Amino acid sequence: MVCLTAFVEAFFNREFLAAVLPLGSAGVNIAEVSPAIRAFYVIGGYSFGVLTLLAPAALLASGILKPSTRLLATASLYASALGAVVAVAMDVQHVQEGINSIFQSSSAGESLILLGLVTCSVIFAALVVLQHRDLMGLALAVMLLTELLGILFLVGNIVTANFGGEGWSTLGGFSAAAEPYAGTLGGLLFAAAGGYRILGKKGGIRWGYVAALLVGVAIEYAVMANVFPGSSIVLGTIIIYDFGFLGVTDTLVPLVVFAGIASFITALFLLAMRGGQNTTFAGLTGLLLIITGFVYASETVTTYILLPSLAAAMASIWLANPRGGNAPNMEKSVRLKG
Amino acid sequence: MSEEYKKENSKYLRLGVYGFIFILLVGGLAIGLDNALDAASQSATTMTAYYVPNAQLGLGNPGQEQYWASIPYTTVPLVPTVPAPGSIAGHTTSIQVKMAWTYVDGVPYIMVLMHGVVLGTPSEIQTAYQNPSGERTPQGRIWAPFNFFPTSNYFVNITYSTHDQSTTTVKSVPISYQQNEISYPPGETMGNPVQIYVTKSHGTLTAWVSGAIDQYGNPLNGGAPIQITSLDISANIPSVGTVDITSPSQILSYGINNSIWPQAAYNLFYPEDTGEYVDLFHNSTYLYPLRAAVMWDLGGVPNDWFKVAYTPHMVLGTSGAFSAGAVEVWHWNSNPRSNNTLDAGYAGILANLPGFMGLPGGISWTMANYTHYPGYKDPLNLGYLPHQGLVADMYVNGSSIYYLGGIPFVTTFPALNNPSITNWQWLQGQYTPSELWNPSVVATGDTLATAPNGQTYLTLEYARTFSTVGVSDGQGESHYQIQLAPGGTYHVAFAWFQGAIGESVDFKSISLWWNVYIQPPSSASGPLGIQQYLGILPMLLGLGAYGLKRFI
């Protein structure tokens, strides 16, 4: 549900519609068409509202209701849950102090507490998945590292703006520059790890996977090769301006897009192949990281900040289910449901 | 119908109703949240413009005044404007920015300091800094051979053949045709100024046109005057009225000999075509100026947008239109707007603005001719400072970039200026500097410095009064400019062009939105009181303890 909402939000948000669609190239005056695309703004805004509700709710549920025996996984879940509480408190304060003030109502301290908790949950989750000694564990760890780089950018700027010391901002700048490299690497590793599992599955699903990848790559090639005039610019613009991905240069654009397409298709097939809880959670974690974490890593918005934490929580839960089988708690939940 | 079937039906109905109610509840909550909350924080990151009592402006050595040393630089990551393979844009990964403000005789001034790397060899950088070229497409065509002039009945079509350019026919271009076919942005048509005049030889009157260009911007007939063989102009001539001009004698009788007219553009390169390019023509000697820009949000977009993934972005394939809302841009370029008097086109306080595309009778005056109205409080007298450079002050909205104080055919975008000057007066140069809006109320200073490792850096300082109310004596210029106040927070974005390696026009690196907080004089600390978060600490501790208990 969170994945779906985040996906809809990303593609119907105002920025995507107002800045990314090639309306200018089509000779359309943006000011004139704004009223016509207002309905889409409502869809984007609605999705954002649902996301604002779902993100803390899901985190609280995963953190408090989920029993686990693993130290790091539990620590990650509780850090996520605490992050959700702080985020909700910040949102409430925001409403109290003036919802539409140009400046944020929450303090630098609050922002740093939230970011600190999210950082903890992400670091713990990264350590958790690294204990899972296979390619999927490494892929998720690198994807989580991308989140950390985005968070570090925010932390650096908040510290410099409020407490001085330009070294923090410089560090934030380096983090932003490194983001697309880590994101591309993580996405490709995820696609490789997930693809290995999907291709190992008998039946038509692996052919469907290969076909989906080929179609995805063919479309990307056509777009990047400007088969449709101006399309390469539009796609690159989406990556940077809709997804808020910093540090991207022109040569990186095709790689980032390829990693995004491949990992997105892989995550969907991991979910579709019904390969047990382990595979499903890996797919869900990957999907969350691709859609949310990659997308919003540079935004200081509580809703967006919580999404990497949610992905980290998913990763922690994933480890609680050893490879190849259902963990006892999952069996319990299945029995209860039945 | 069996009981079991009915039971199933009733179950589905119940589930459907519950589901519907659930969707309504979540939907209502979500819309409410979106409208009322949006986020607890902002998507733009924040930097502070620190209050510095009695700060001095040192435009000859930007950033060297002592107070700058105590203000931290904020690293601002940049992204390419045209993110595509082979794009010339996006060579700057980040720049550094700091801001301060001070009072001078009770009038507040903002100072913005930008510092960033300049790419290119020393010789390329020097060329870009002092002797840059005009932009060309990768195929070598002039990027923008035609310029903007208000849509009007003065536009004429000048025909030519590739074989013989010594004669031409000149006809009016109907306004309806301009509006339907060639005008962009709305109200503006692309054109090129030409001069029409009449000579008398052996009792015969002959009409001529000079300054005409072909569709690529190259002078027709080798730049020599072209004889007009057929004339059909229908236009409104002040003090004469709307007339049809079909003979050279009418030009004399109406008193419009040597008058300037806009030659309508041929349809080969309009603003929407720019969206198809990812590169510009350049080599080691054909380079573009170094440029930088500070962009201030002027509104027109809900503040919510800045909190939820709203980025500043030009709409590709336009004459610089902005994705949403309106902004003011302080656009600096190294030539002619830097403070270096050795620049080929130095336009500082002592130099002439360029003439009217080289035509005789064009305007020519210094910046100092512009009137400094008493209603505009500016004790530093920006625009008249030693070592001062200028900015191109731009207003941008959903249709185009506009030059504030711009002059048609002198500045290269549509102009916003004194609304009482008519199109005919603009064409004929029938106005004086004192009537025009001040084109640059922002003073700049810049230096290029090479570090020991050989890397060149540009340091650039902007200074302006917080308020520009009264700057054009109430004609409205200040409505298009950012008005600042102590304690206020404003959305701002930055741009950096590597002209010495070929970046220009829409090919550059830009930042996402930032907030600038103007620190009030009474505030000793930053904008965010750290004490605010103490209230939620007990709740955090409680939850932490609960979590620890569960964990152990």
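Relevant structure appears above.
Nothing here was measured: the structure is a model prediction, and the numbers come from that model. (Residues numbered from 1 in each chain as written. Chains lettered and ligands numbered in written order. Predicted model: local features only at pLDDT ≥ 70, side-chain atom pairs only at ≥ 80, totals over all residues. Heavy atoms only, no water.)

Chemist: I would appreciate a short explanation of the overall build of chain A in the present structure.
Modeler: Scanning chain A from terminus to terminus reveals 14 helices and 0 strands. Listed N to C, the secondary structure of chain A is α-α-α-α-α-α-α-α-α-α-α-α-α-α in terms of helices and strands. Evaluated residue by residue, chain A yields a buried proportion of 61% over its 338 residues. Put simply, 76% of the contacts in chain A that link residues at least 6 apart link residues at least 24 apart. (Helix = DSSP H or I, 4+ residues; strand = E, 2+ residues; numbered from the N terminus. Buried < 20%, exposed > 50% of the residue type's maximum accessible area, 1.4 Å probe, protein only. Contact = heavy atoms within 4.5 Å.)

Chemist: Looking at this model, I keep getting lost on the overall build of chain B. Mind explaining?
Modeler: Check the secondary structure of chain B and you find 8 helices and 23 strands. Taken across its 552 residues, chain B has 57% of its residues classed as buried. By sequence separation, contacts in chain B at least 24 residues apart represent 70% of the contacts at least 6 residues apart. Surface summary for chain B: the accessible area is close to 21800 Å², and the carbon and sulfur share equals 55%. (Areas by Shrake-Rupley, 256 points an atom, 1.4 Å probe, with all protein chains shown as cover.)

Chemist: Is there a simple way to explain the packing of aromatic side chains in this structure?
Modeler: Ring pairs (aromatic) are described by centroid distance and by the angle formed between their planes. All names here are of chain B. Overall, the coordinates contain 25 aromatic pairs over all chains when judged by the stated rule. Taken together, a centroid distance of 4.7 Å and an interplanar angle of 50° make the contact between Tyr51 and Trp101 tilted. One end of the pair, Tyr51, is in strand E1 (residues 45-51); the other, Trp101, is in strand E4 (residues 94-104), with 50 residues separating them in the sequence. Residue classification places Tyr51 among the partly exposed positions, given a relative accessible area of 22%. (Phe/Tyr/Trp six-rings, centres within 6.5 Å; stacked < 30°, edge-to-face > 60°.)

Chemist: Looking at this structure, I do not really get the nonpolar core. What am I missing?
Modeler: Inside soluble globular proteins, nonpolar side chains tend to come together where they are buried. In terms of nonpolar packing, the biggest core is built from 133 residues, with B:Val112, B:Met114, B:Trp330, B:Tyr462 and B:Phe494 touching the most fellow members. Per element, the largest residue contribution to this core is 13 residues, and it comes from helix H7 (residues 135-163) of chain A. Membership of the second largest hydrophobic core comes to 44 residues, among which are B:Phe149, B:Val209, B:Ala212 and B:Tyr270. (Core = buried A, V, L, I, M, F, W, Y, C linked by side-chain atoms within 4.5 Å.)

Chemist: Is there a simple way to think about helix H11 (residues 252-272) of chain A in this case?
Modeler: Note on helix geometry: an α-helix contains 3.6 residues per turn, so any two residues three or four positions apart are oriented the same way. All names here are of chain A. If you check H11, its first and last C-alpha atoms are 30 Å apart, about what 21 residues at 1.5 Å a residue would give, namely 30 Å. Residues Leu252, Val253, Val256, Val257, Ala259, Ala262, Ser263, Ile265, Thr266, Ala267, Phe269 and Leu270 constitute the buried set of H11. One or two positions beyond H11, positive phi appears at Arg274, with a value near 50°. (Expected span 1.5 Å × (residues − 1).)

Chemist: Can you walk me through the pairing of E1(B) in this structure?
Modeler: Along any regular strand the residues' side chains alternate between the sheet's two faces. All names here are of chain B. In terms of burial, E1 is a largely internal element, 6 of the 7 residues being buried. Bridge analysis of E1 against E4 gives 3 bridges, and the strand direction is parallel. Residue pairing across strands places Ala49 opposite Met99, the latter belonging to E4. (Pairing = 2+ DSSP bridges.)

Chemist: Got a minute to help me understand the side chain of A:Thr302 in this structure?
Modeler: Here A:Thr302 is to be found in helix H13 (residues 302-319). There is a polar contact of 3.0 Å between the side chain of A:Thr302 and the side chain of A:Asp91. (Polar contact = N/O pair within 3.5 Å; in protein donor to acceptor, adjacent residues only side chain to side chain.)

Chemist: Would you take a moment to explain a nonpolar patch on the surface for this structure?
Modeler: Residues and elements named next belong to chain A. Taken together, the side chains of Ile123, Leu127, Leu130, Leu135 and Leu138 present a nonpolar region at the surface, about 390 Å² in accessible area. Counting only elements with at least two residues in the nonpolar patch, the list comes to helix H6 (108-131) and H7. When residues of the nonpolar patch are assigned to their parent elements, the largest contribution, 3 residues, is made by H6. Tracing the backbone shows Leu127 in helix H6. A relative accessible area of 39% places Leu127 in the partly exposed class. (Patch = residues over 30% accessible without salt bridge, like charges linked within 9 Å, V, L, I, M, F, W, Y side chains within 5 Å. Salt bridge = Lys/Arg side-chain N within 4 Å of Asp/Glu carboxyl O.)

Chemist: Which parts of the structure should I look at to understand the pairing of E4(B)?
Modeler: Residues and elements named next belong to chain B. Buried residues dominate E4, accounting for 8 of its 11 residues. Note: strand E2 (residues 74-77) against E4, 4 bridges, orientation antiparallel. Looking at the pairing, Thr75 lines up with Gln96 of E4. Where E4 and strand E5 (residues 107-118) come together, 9 bridges link them in antiparallel fashion. Residue pairing across strands places Gln96 opposite His115, the latter belonging to E5. Here E4 folds back onto E5, and the loop between the two strands holds 2 residues, one of which, Asp105, carries a positive phi near 50°.

Chemist: Looking at this model, I keep getting lost on unusual backbone geometry. Mind explaining?
Modeler: A negative phi angle characterises most non-glycine residues, just as the trans form characterises most peptide bonds. Residues and elements named next belong to chain B. A positive phi is found at Asn54, a non-glycine position, where the angle reads about 55°. The topology assignment puts Asn54 in the loop between E1 and E2. The backbone of Asn258 sits at a positive phi, close to 65°, despite the residue not being glycine. Positionally, Asn258 belongs in the loop between helix H4 (248-253) and strand E13 (259-264). Using a relative accessible area of 40% as the deciding quantity, one classes Asn258 as partly exposed.

Chemist: Sorry if this is basic, but what is going on with the environment of A:Val256 here?
Modeler: Residue and element names in this part refer to chain A. Inspection of the secondary structure puts Val256 in helix H11. On a C-alpha basis, the gap between Val256 and Gly183 in space is 7.4 Å, while along the polypeptide they are 73 residues apart. Dropping the residues within four chain positions of it, Val256 is found in contact with Pro180, Thr184 and Ile239.

Chemist: Can you help me understand the pattern of salt bridges in this one?
Modeler: Opposite charge on two side chains lets them pair, provided their charged atoms get close. Residues and elements named next belong to chain A. Evaluation of the coordinates by the stated rule reveals 3 salt bridges over all chains. Asp134 serves as the salt-bridge partner of Arg197, at 3.5 Å between the closest nitrogen and oxygen. One end of the pair, Arg197, is in helix H8 (residues 166-199); the other, Asp134, is in the loop between H6 and H7, with 63 residues separating them in the sequence.

Chemist: Please clarify how the packing of H8(A) against H11(A) should be interpreted in this entry.
Modeler: A pair of packed helices is captured by two measures, namely the crossing angle of their axes and the spacing between those axes. Residue and element names in this part refer to chain A. Two elements in contact, H8 and H11, have axes separated by 8 Å at closest approach and are oriented at 35°. At the point where H8 passes H11, the crossing takes the left-handed sense. Here Pro180, Tyr181, Thr184, Gly187, Leu188, Phe190, Ala191, Gly194, Gly195, Arg197 and Ile198 of H8 come into contact with H11, specifically with Leu252, Leu255, Val256, Phe258, Ala259, Ala262, Ser263, Thr266, Ala267, Phe269 and Leu270. A class-by-class count of the residues in the contact of H8 with H11 yields 15 nonpolar, 6 polar and 1 charged. (Axes fitted to C-alpha atoms, helices over the stretch in contact; angles between N-to-C directions. Left-handed = near helix turned anticlockwise from the far one by under 90°. Nonpolar A, V, L, I, M, F, W, Y, C, P; charged D, E, K, R; others polar.)

Chemist: Honestly, the packing of H7(A) against H8(A) in this entry has me stumped. Any pointers?
Modeler: All names here are of chain A. Interhelical geometry of H7 versus H8 gives an angle of 160° and a closest axis separation of 7 Å. As the angle between them shows, H7 and H8 are arranged roughly antiparallel. Where H7 crosses over H8, the two elements pack in a sense that is left-handed. Partitioned by chemical class, the residues of the contact of H7 with H8 number 22 nonpolar, 12 polar and 3 charged. (Parallel < 35°, antiparallel > 145°, perpendicular 65-115°, else oblique.)

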